[in-house]
Amino acid sequence: MRAKTRLAVLGLAMLLVLGGFTVAVAAKYPDKPINYIICFNPGGESDLTARLQQKYLEEILGVKVVIQYKIGGGGATGWSELVRAKPDGYTIAGDNLPHTILQPLQRGDAGYKTEDLKRVYCFEATPNALLVRKDSPFKTLDDLIAYAKKYPEAVTIGGSASWSANHLGTIELEQAAGVKLTYIPFTGSGSAVPALLGGHVGALMSYTTMAAQYPDQMRVLAVAAEERSPVLPNAPTFRELGYDIVEGAYRGVSVPPGTPDEIVRVLADAFRKVNQNPEYIAKMKEMAFDIVDMGPAEYTAFVKDRIPYYTKLLRDVGAIK
């Protein structure tokens with residue numbers, strides 16, 4: 001009995017020591033530059049957001065925030081590196097949904113597991129949008145669908161990454177319209193847009209943000225949202241046109257597994273403050289980003305809730321057994 005009591009006291013003492021150590025670490029965090037990994041090309045949504053956040057994060061945290069690009073594998077290269085990084089709060093990465101759920105599900109070994117990413121904050125969302133060049137023969141979604149029915153796999157659809165929101169949106173369109181399209185994955189929106197404008201693909205399954213950036217060069221055939229975007233009021237939704245497709249990307253920031261909760265709270269508070277900055281909000285709305293606010297617990301629960309949904313969706317389209 002005395003031995004059990006001594007073990008209990010020893011265990012409690014260790015918890016107090018570890019707790020005190022964590023508080024001490026968090027108290028002086030951060031005291032050196034933070035590396036912010038972006039997993040897609042410069043010019044895409046993840047990069048544009050990080051560049052806007054950078055100034056405000058540095059003001060709030062009092063240290064430099066260094067943006068690094070780890071591109072490849074539809075984002076998997078960067079997320080694989082993140083989960084192997086030291087869990088000290090000095091390596092963070094932009095994360096995307098549904099990518100970080102779809103890739104481990106479909107690939108088996110994506111280099112990371114969905115649960116490996118310790119979610120800090122979800123700060124934005126962007127619906128998918130089907131885009132063509134202004135001079136495209138496809139004036140409407142019906143035009144594109146009719147051509148795809150007549151010529152299976154002839155319509156090329158570019159998009160950001162494989163097993164991503166854009167890829168899934170293309171598969172959902174194939175299912176809903178009963179057509180065969182050819183999806184071409186790029187290493188981000190930043191490289192997909194020149195492919196469309198250069199005539200290398202027939203259309204893009206991209207985001208509303210890209211349509212807002214290139215209004216004179218692109219035509220929006222449909223937006224995969226429940227309601228029309230206030231920035232693109234003339235663009236119909238897929239549902240308005242008879243296709244039940246609501247799809248897009250959520251973006252947030254994650255840290256390596258094992259990062260102390262106190263450090264996660266410091267980072268989450270910083271990203272929350274950025275999202276509340278009126279100047280930042282105005283810029284984001286102008287670019288058609290939907291601002292989202294989910295802290296660590298809510299974001300983690302949201303990811304957990306979405307796993308069964310995407311598992312069923314991949315099974316329904318035959319991507320997994």
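Residues numbered from 1 in each chain as written. Predicted model: local features only at pLDDT ≥ 70, side-chain atom pairs only at ≥ 80, totals over all residues. Heavy atoms only, no water.

Chemist: Where do I start with empty space enclosed by the protein in this structure?
Modeler: The gaps left among the atoms become clear once a water-sized probe is rolled over them. The full count for this structure, using the stated rule, is 2 cavities of 30 Å³ or more. There is about 70 Å³ of room inside the largest cavity. What lines the largest cavity is simply Phe40, Asn41, Gly44, Glu45, Ser46, Asn96, His99, Ser160, Gly188, Ser189, Tyr207 and Arg251. Empty space within the second largest cavity amounts to approximately 40 Å³. For the second largest cavity, the full set of lining residues is Tyr36, Ile38, Ser46, Thr49, Ala50, Gly94, Asp95, Asn96, Phe123, Arg251 and Gly252. Looking at the lining of the second largest cavity, the elements with two or more residues in it are strand E1 (34–38), helix H2 (45–61), strand E3 (91–97) and strand E9 (248–255). By residue class, the composition of the lining of the second largest cavity is 4 nonpolar, 5 polar and 2 charged. (1 Å grid on protein atoms, 1.4 Å probe; cavity = no way out; pocket = protein on both sides within 12 Å on 5 of 7 lines; lining within 4 Å. Points joined across faces, edges and corners; volume = space filled by probe spheres on them. Helix = DSSP H or I, 4+ residues; strand = E, 2+ residues; numbered from the N terminus. Nonpolar A, V, L, I, M, F, W, Y, C, P; charged D, E, K, R; others polar.)

Chemist: How do you make sense of the pattern of salt bridges when you look at a structure like this?
Modeler: Between side chains of opposite charge, a pair can form as their charged atoms come close. The full count for this structure, using the stated rule, is 13 salt bridges. Arginine 228 serves as the salt-bridge partner of glutamate 240, at 2.8 Å between the closest nitrogen and oxygen. Placement of the pair is glutamate 240 in the loop between strand E8 (218–223) and E9 and arginine 228 in the loop between E8 and E9, with a sequence separation of 12 residues. Between aspartate 269 and lysine 273 there is a salt bridge, and its shortest N-O distance comes to 3.2 Å. Of this pair, aspartate 269 and lysine 273 both sit in helix H9 (residues 261–275), 4 residues apart, roughly one helical turn. A single network of salt bridges, built from pairs that share partners, joins Asp269, Arg272 and Lys273. (Salt bridge = Lys/Arg side-chain N within 4 Å of Asp/Glu carboxyl O.)

Chemist: So what exactly am I meant to see when it comes to the side chain of asparagine 41 here?
Modeler: Tracing the backbone shows asparagine 41 in the loop between E1 and H2. The buried category is assigned to asparagine 41, whose relative accessible area is 16%. Engagement of the side chain of asparagine 41 in a polar contact is seen with the side chain of threonine 187, the distance being 2.4 Å. (Buried < 20%, exposed > 50% of the residue type's maximum accessible area, 1.4 Å probe, protein only. Polar contact = N/O pair within 3.5 Å; in protein donor to acceptor, adjacent residues only side chain to side chain.)

Chemist: How should the layout of surface pockets be read in this particular structure?
Modeler: Empty space within the largest pocket amounts to approximately 790 Å³. Residue lining of the largest pocket: 35 residues in total, with Ala224, Ala225, Glu226, Val246 and Glu247 positioned closest to the centre. Sorting the residues of the lining of the largest pocket by element identifies strand E4 (118–133), helix H6 (165–177), E9, strand E10 (290–294) and helix H11 (296–316) as the ones contributing at least two each. If one sorts the elements of the lining of the largest pocket by residue count, H11 sits on top with 5 residues. Split by residue class, the lining of the largest pocket holds 19 nonpolar, 5 polar and 11 charged.

Chemist: Would you take a moment to explain the packing of aromatic side chains for this structure?
Modeler: Ring pairs (aromatic) are described by centroid distance and by the angle formed between their planes. The tally for this structure, following the rule as stated, stands at 10 aromatic pairs. Aromatic pair tyrosine 29 and tyrosine 90: ring centres 5.2 Å apart, planes at 65 degrees, arrangement edge-to-face. Remark: tyrosine 90 occurs in the loop between helix H3 (76–84) and E3 and tyrosine 29 occurs in the loop between helix H1 (2–27) and E1; sequence separation between them is 61 residues. In this structure tyrosine 29 comes out as buried when scored by relative accessible area, which is 7%. Arranged with centres 6.0 Å apart and planes meeting at 80 degrees, the rings of tyrosine 56 and tyrosine 280 form a pair that is edge-to-face. (Phe/Tyr/Trp six-rings, centres within 6.5 Å; stacked < 30°, edge-to-face > 60°.)

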